[in-house]
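# Topology and contacts: notes
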Amino acid sequence: MENSGLSYVIHKLWVGFRLRCPNCEQGRMFRSFFNMNPTCPECGVRFERSSGESLGGVMINLIVAELVTIGGFFLSETLFHPPLLFQIVFWISFNILLVLAFYRPSRGMWVSVAYLTGGVYRDPETDFTQSDP
């Protein structure tokens, strides 16, 4: 695949959304629900260089969750006119669940953004072998 253009960027974001390494597209980014691997188990690239780099993924998560929640609130209010208390309880619960469900894909997409801007690469001093478990 060509290393430039909109289709390449969208492809790499999709790879991150699927929680795969944007470099080799094989390695898994997460070892458990909330714990991200520091490096790709397949090719050895480091996903985050310093603490705080995950803030971009958090911002993607927050923006998507708030847009969907606010849009859903106004759409349901316009179409169905449910009681306000029901709306508040439903949309707060929905927002919390959406933030939790979208946590990993948003972090993966942010790693892809870091990859596209040159921030995801293998440490030069490490000797990575693919036979490591």
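The model shown is predicted, which means the values in this text are computed figures rather than measured ones.

## Details of a nonpolar patch on the surface
A surface patch of nonpolar side chains, about 790 Å² in accessible area, is lined by Phe33, Phe34, Leu84, Ile88, Ile92, Ile96, Leu97 and Leu100. In this structure, Leu84 sits in helix H3 (residues 84-101). Using a relative accessible area of 53% as the deciding quantity, one classes Leu84 as exposed.

## Thoughts on the pattern of salt bridges
Scanning all chains against the criterion turns up four salt bridges. Measuring nitrogen to oxygen at the nearest pair gives 2.6 Å for the salt bridge that ties Glu48 to Arg107. With Glu48 in the loop between strand E1 (45-46) and helix H2 (55-80) and Arg107 in helix H4 (residues 103-116), this pair connects stretches of sequence that are 59 residues apart. Of the residues examined, Arg107 reaches a relative accessible area of 9% and is grouped as buried. Note that Asp123 and Arg49 form a salt bridge whose closest N and O atoms lie 2.4 Å from each other.

## Considering empty space enclosed by the protein
Which parts of space are left empty comes out when a probe the size of a water molecule is rolled across the atoms. A complete count under the given rule lists one cavity of 30 Å³ or more for this structure. Approximately 30 Å³ is the volume found for the largest cavity. In this structure, the largest cavity is lined by Phe47, Glu48, Glu53, Trp110, Val111 and Ala114. Counted by class, the lining of the largest cavity contains four nonpolar, no polar and two charged residues.

## With respect to the side chain of Ser76
By secondary structure assignment, the location of Ser76 is in helix H2. According to the relative accessible area criterion, Ser76 is buried, its value standing at 13%. Residues contacting Ser76, with those up to four places away along its chain left out, are His81, Pro82, Gln87 and Trp91.

## Section: the environment of Val120
Inspection of the secondary structure puts Val120 in the loop between H4 and strand E2 (121-122). Residue Val120 is classed as buried on the basis of its relative accessible area, which comes to 6%. Linking Val120 and Pro22, residues 98 residues apart in sequence, is a C-alpha distance of 8.5 Å. Not counting residues up to four positions away in its chain, the partners in contact with Val120 are Val45, Arg46, Phe47, Val111, Ala114 and Tyr115.

The rules behind each value
- Residues numbered from 1 in each chain as written.
- Predicted model: local features only at pLDDT ≥ 70, side-chain atom pairs only at ≥ 80, totals over all residues.
- Heavy atoms only, no water.
- Patch = residues over 30% accessible without salt bridge, like charges linked within 9 Å, V, L, I, M, F, W, Y side chains within 5 Å.
- Areas by Shrake-Rupley, 256 points an atom, 1.4 Å probe, with all protein chains shown as cover.
- Salt bridge = Lys/Arg side-chain N within 4 Å of Asp/Glu carboxyl O.
- Helix = DSSP H or I, 4+ residues; strand = E, 2+ residues; numbered from the N terminus.
- Buried < 20%, exposed > 50% of the residue type's maximum accessible area, 1.4 Å probe, protein only.
- 1 Å grid on protein atoms, 1.4 Å probe; cavity = no way out; pocket = protein on both sides within 12 Å on 5 of 7 lines; lining within 4 Å.
- Points joined across faces, edges and corners; volume = space filled by probe spheres on them.
- Nonpolar A, V, L, I, M, F, W, Y, C, P; charged D, E, K, R; others polar.
- Contact = heavy atoms within 4.5 Å.

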